[in-house]
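Report on the structure
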Amino acid sequence: MTDVLPKTSRSVVLRAFGEPLCLEELDVTEVGPGEVQVKVEYGGICGTDAHLWNGRLDIPTPVVLGHEGLGTVERIGSGGLRDANGDALGVGDTVMWASSISCGACVPCRMHEEPTLCERRTTYGVNIPVSDAPGPSGSWSQRMVLRAGTSLVRIPAGVSPSAAMSLACAGPTMVHALYGRRPVRLGETVVVQGSGPVGLAAAAMAQLAGAARVIVVGGPEARLAVAEGLGIGDLHLDIVDAPDATAVLDEVRAVTGGYGADLVIECAGAPNAIPQGIAMARRGGSYLVVGQYTDRGEIDINPHQLVHRQLSLFGSWGFTGAHLVAYVNLLPALSARFDLENLVTEYPMTECEGALRHVGEGSVLKAVLRP
């Protein structure tokens, strides 16, 4: 089988920020010890990809885009390999893989036990240029070579690949936020700011974790309608198209007995969401900020509100392989309760730019490429 596999892969390459993306045939390198070649079945499109295309993050170019992926194992390096659950991997297995590899040696990794803050983190589709072997190294490609140290995990039986991809980046991101930073406690009222994939992952996981009520504050209305139809969240409030955002904040306080939420989770990525989130938290509550992944500018806040409300403030950055594995292991419960496939819109790889624009417009919830 190895001898008949293609030696090249059609891949989406970002060569210059803001310029048209390039479809190129790239060489597929041989796999070494600890490495795996996968045939990519789905390459997820994240809001971060739009930021990369627009040059909002300082990354090396040219680079194959795509840090979310699901595929079929085609080759395994000498010595074999086990997935993150300890099961032996074989050719033909359907797997997902962590987007990043932490170095394990820098101060955050070694001393602070914070691998998401690794100073030398290697991330597929972000900071591995085309010239670096092995490759290709992004999921917007027909094939990828995953490096030694990558966390891979097989998809559980009965979970469709489309459902797994629905929250491919958002899911493990929220596992980190809700497990490693500030968990949902039984019986809490939770407000989620944002109704994109990260917001819906936060709301769905809060419900599974035992929140008494989950309020999704986001928009546009079409996204909120999808969430409501799937049962993700108990109350859905449109703040994006509201003529008066203050009225929406007042409604949140009203439905929480005038107190506000025990936990507010920011997943919107808009700087003006921050003072709104602070306003929706009860005194003694918590504010968990996840969505501000790129620097979109500064805002004014009243620090008295942090003290007067005695808020606990948490930030959460990215995820590790362990968080991906936890997300994949949670997929049977998530997909049993929520029709995750309904979140996904598929595009051929040739329509990658249109898919990115749709993600930016908010006209689709989760876009994926089919290489």
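Every value quoted in this text rests on a predicted model; they were computed, and no experiment measured them.

**Quick notes on the pattern of salt bridges**
Applying the stated criterion to the full structure yields 11 salt bridges. Between K7 and E30 there is a salt bridge; the shortest N-O distance is 3.8 Å. Highlighted residues: K7 in the segment before strand 1 (8–14) and E30 in the loop between strand 2 (22–27) and strand 3 (36–45), separated in sequence by 23 residues. By relative accessible area, E30 is classed as exposed at 52%. For R154, the salt bridge is made with D87, and the minimal N-O distance between the two is 3.8 Å. On the criterion of sequence distance, the pair formed by R154 in strand 10 (residues 152–154) and D87 in the loop between strand 5 (68–76) and strand 6 (94–97) is long-range, its members being 67 residues apart. Under the relative-accessibility criterion, R154 is labelled partly exposed at 31%. Each of D87, D93 and R154 takes part in a single network of salt bridges with overlapping partners.

**Quick look at the environment of Y42**
For Y42, the position within the fold is in strand 3. Taking the C-alpha atoms as reference points, Y42 and Y347, separated by 305 residues in sequence, lie 9.7 Å from one another. Contacts of Y42, omitting those with residues within four sequence positions, involve E68, G69, L70, P161, S162, M165, E346, V368, L369, R370 and P371. At a separation of 3.4 Å, a polar atom in the side chain of Y42 contacts the side chain of R370.

**Focus on helix 8 (residues 273–280)**
Buried residues dominate helix 8, accounting for 7 of its 8 residues. Along helix 8, the residues that are buried comprise A273, I274, Q276, G277, I278, A279 and M280. Along its buried surface, helix 8 packs onto strand 11 (189–193), strand 12 (213–218), helix 7 (245–255), strand 14 (261–266), strand 15 (281–289) and helix 9 (303–308).

**Details of the sheet that holds strand 2**
Strand order in the open sheet formed by 3 strands is 2-1-4, with antiparallel pairing between adjacent strands. This sheet does not close on itself; its edge strands, each paired only once, are strand 2 and strand 4 (63–64). Alignment of strand 1 against strand 2, held across 6 bridges, turns out to be antiparallel. Within strand 2, the residue paired with V13 across the bridge is C22.

**A few points about the environment of P348**
Inspection of the secondary structure assignment puts P348 in strand 17 (residues 344–348). Taking relative accessible area as the criterion, P348 reaches 37% and is therefore assigned partly exposed. Sequence spacing of P348 and V368 is 20 residues, and the spatial spacing of their C-alpha atoms is 8.5 Å. Apart from residues lying up to four places away in sequence, P348 is in contact with L369 and R370.

**A look at helix 11 (residues 352–361)**
In an α-helix, one turn spans 3.6 residues; hence positions three or four apart end up facing the same way. Taken residue by residue, helix 11 has C352, E353, A355, L356 and V359 as its buried positions. The buried residues of helix 11 occupy one face: seen down the axis, they fall within an arc of 160°. The inward-facing, buried residues of helix 11 abut strand 1, strand 3, helix 1 (47–53), helix 6 (221–230), strand 17 and strand 18 (366–370). Directly beyond the C-terminal end of helix 11, a positive phi value near 80° is found at G362.

**Quick look at the packing of aromatic side chains**
Enumeration according to the criterion identifies 1 aromatic pair in this entry. When the ring of Y293 is compared with that of W317, the centres are 4.3 Å apart and the planes differ by 5°; the resulting orientation is stacked. Here the residue Y293 occupies a position in the loop between strand 15 and helix 9, and W317 occupies one in the loop between strand 16 (312–315) and helix 10 (321–337), the gap between them amounting to 24 residues. The lysine or arginine in question, R370, covers the ring of Y42, its NZ or CZ lying 4.1 Å from the ring centre.

How each quantity is defined
Residues numbered from 1 in each chain as written. Predicted model: local features only at pLDDT ≥ 70, side-chain atom pairs only at ≥ 80, totals over all residues. Heavy atoms only, no water. Salt bridge = Lys/Arg side-chain N within 4 Å of Asp/Glu carboxyl O. Helix = DSSP H or I, 4+ residues; strand = E, 2+ residues; numbered from the N terminus. Buried < 20%, exposed > 50% of the residue type's maximum accessible area, 1.4 Å probe, protein only. Contact = heavy atoms within 4.5 Å. Polar contact = N/O pair within 3.5 Å; in protein donor to acceptor, adjacent residues only side chain to side chain. Pairing = 2+ DSSP bridges. Arc of directions from axis to C-beta. Phe/Tyr/Trp six-rings, centres within 6.5 Å; stacked < 30°, edge-to-face > 60°. Lys NZ or Arg CZ within 6 Å of the ring centre and 35° of its normal.

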